[in-house]
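Close look at the chain arrangement
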Amino acid sequence: MTETIQGWLPFFLQPIADFLNITIVSYSWIFLSMWSIVHLIVGGLIYYFARKYGLGRPMLLTIIILSTWEIFEVFMFYVTRMFIPEKFVDTLFDMILGIGGAVLVWLKIDHDN
């Protein structure tokens, strides 16, 4: 997830942002932060609700929503400068983890049926 620029958030949200911005692993080929957990959960939730409500192809919809969000983050940086831009590997792992969350939900639902 994109880091916020210090001072932009209301004071009561800054500790949450600081916690989520904690980097767990950062190499040229992998990036994980506390936001990674959020991406995993959100990907799973998008897939779950898309499937539950019969919204076409749930996995494709999940990928479209996740991709749209990542593009929106870049757009918001260039328009508002509210975010510090992510490195490519961070964006890539946001997508991988979101899709991974969807796959985990898919496996659970498929296994139970």
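Predicted model, so just to flag it, every value in this text is computed and none were measured.

What counts, and where the lines are drawn
Residues numbered from 1 in each chain as written. Predicted model: local features only at pLDDT ≥ 70, side-chain atom pairs only at ≥ 80, totals over all residues. Heavy atoms only, no water. Helix = DSSP H or I, 4+ residues; strand = E, 2+ residues; numbered from the N terminus. Buried < 20%, exposed > 50% of the residue type's maximum accessible area, 1.4 Å probe, protein only. Contact = heavy atoms within 4.5 Å. Areas by Shrake-Rupley, 256 points an atom, 1.4 Å probe, with all protein chains shown as cover. Phe/Tyr/Trp six-rings, centres within 6.5 Å; stacked < 30°, edge-to-face > 60°. Axes fitted to C-alpha atoms, helices over the stretch in contact; angles between N-to-C directions. Parallel < 35°, antiparallel > 145°, perpendicular 65-115°, else oblique. Left-handed = near helix turned anticlockwise from the far one by under 90°. Nonpolar A, V, L, I, M, F, W, Y, C, P; charged D, E, K, R; others polar. Expected span 1.5 Å × (residues − 1). Patch = residues over 30% accessible without salt bridge, like charges linked within 9 Å, V, L, I, M, F, W, Y side chains within 5 Å. Salt bridge = Lys/Arg side-chain N within 4 Å of Asp/Glu carboxyl O.

Regarding the overall build of the protein chain
Per the secondary structure count, the protein chain includes four helices and four strands. Reading the helices (α) and strands (β) of the protein chain from amino to carboxyl end gives β-α-β-β-α-α-β-α. Out of the 113 residues belonging to the protein chain, those deemed buried represent 35%. Taking as baseline every contact in the protein chain between residues at least 6 positions apart, the subset at least 24 positions apart corresponds to 60%. Accessible surface, the protein chain: about 7,400 Å² in total, of which carbon and sulfur atoms supply 74%.

Quick look at the packing of aromatic side chains
Tallied over the entire structure, the rule returns four aromatic pairs. Considering the side-chain rings of Tyr-27 and Trp-29, the 5.9 Å spacing of their centres and the 10° angle between planes classify their relative orientation as stacked. Each of the two residues, Tyr-27 as well as Trp-29, counts as exposed. Between the aromatic rings of Trp-69 and Phe-72, the centroid separation amounts to 5.1 Å while the plane-to-plane angle is 40°, which identifies the pairing as tilted. Of this pair, Trp-69 and Phe-72 both sit in helix α3 (residues 58-80), three residues apart, which is roughly one turn of the helix. Pairwise contacts between aromatic rings join Tyr-48, Phe-49 and Tyr-53 into one cluster.

Remarks on the packing of helix α2 (residues 34-52) against α3
Axes are the key here: two packed helices are described by the angle between their axes and the distance separating the axes. It is the contact of α2 with α3, at a shortest axis distance of 8 Å, that shows an interaxial angle of 135°. With respect to each other, α2 and α3 are oriented oblique. The chirality of how α2 crosses α3 is right-handed. Between α2, through His-39, Gly-43, Ile-46, Tyr-47, Ala-50 and Arg-51, and α3, the contact on the second element is made entirely by Pro-58, Met-59, Leu-61, Thr-62, Ile-65, Leu-66 and Glu-70. Classifying every residue of the contact of α2 with α3 by side-chain character gives eight nonpolar, three polar and two charged.

A few points about α2
Helix length check: α2, at 19 residues, gives a terminal C-alpha distance of 28 Å against a target of 27 Å (1.5 Å per residue), a fit within 8%. Among all positions of α2, only Met-34, Trp-35, Ser-36, His-39, Gly-43, Gly-44, Ile-46, Tyr-47 and Ala-50 are buried. One or two residues past the end of α2 sits Gly-54, with phi positive at roughly 60°.

Topic: helix α4 (residues 88-112)
For α4, with 25 residues, the first-to-last C-alpha span of 36 Å sits near the 36 Å given by 1.5 Å per residue. Among all positions in α4, only Val-89, Asp-90, Phe-93, Asp-94, Met-95, Leu-97, Gly-98, Gly-101, Ala-102 and Ile-109 are buried.

Some details on a nonpolar patch on the surface
On the surface, a nonpolar cluster with roughly 1,000 Å² of combined accessible area is contributed by Ile-37, Leu-40, Ile-41, Leu-45, Tyr-48, Phe-49, Tyr-53, Leu-55, Leu-104, Trp-106 and Leu-107. Looking at the nonpolar patch, the elements that each hand over two or more residues are α2 and α4. Broken down by element, the residue count for the nonpolar patch peaks at six residues, all from α2. By the element assignment, Tyr-53 lies in the loop between α2 and α3.

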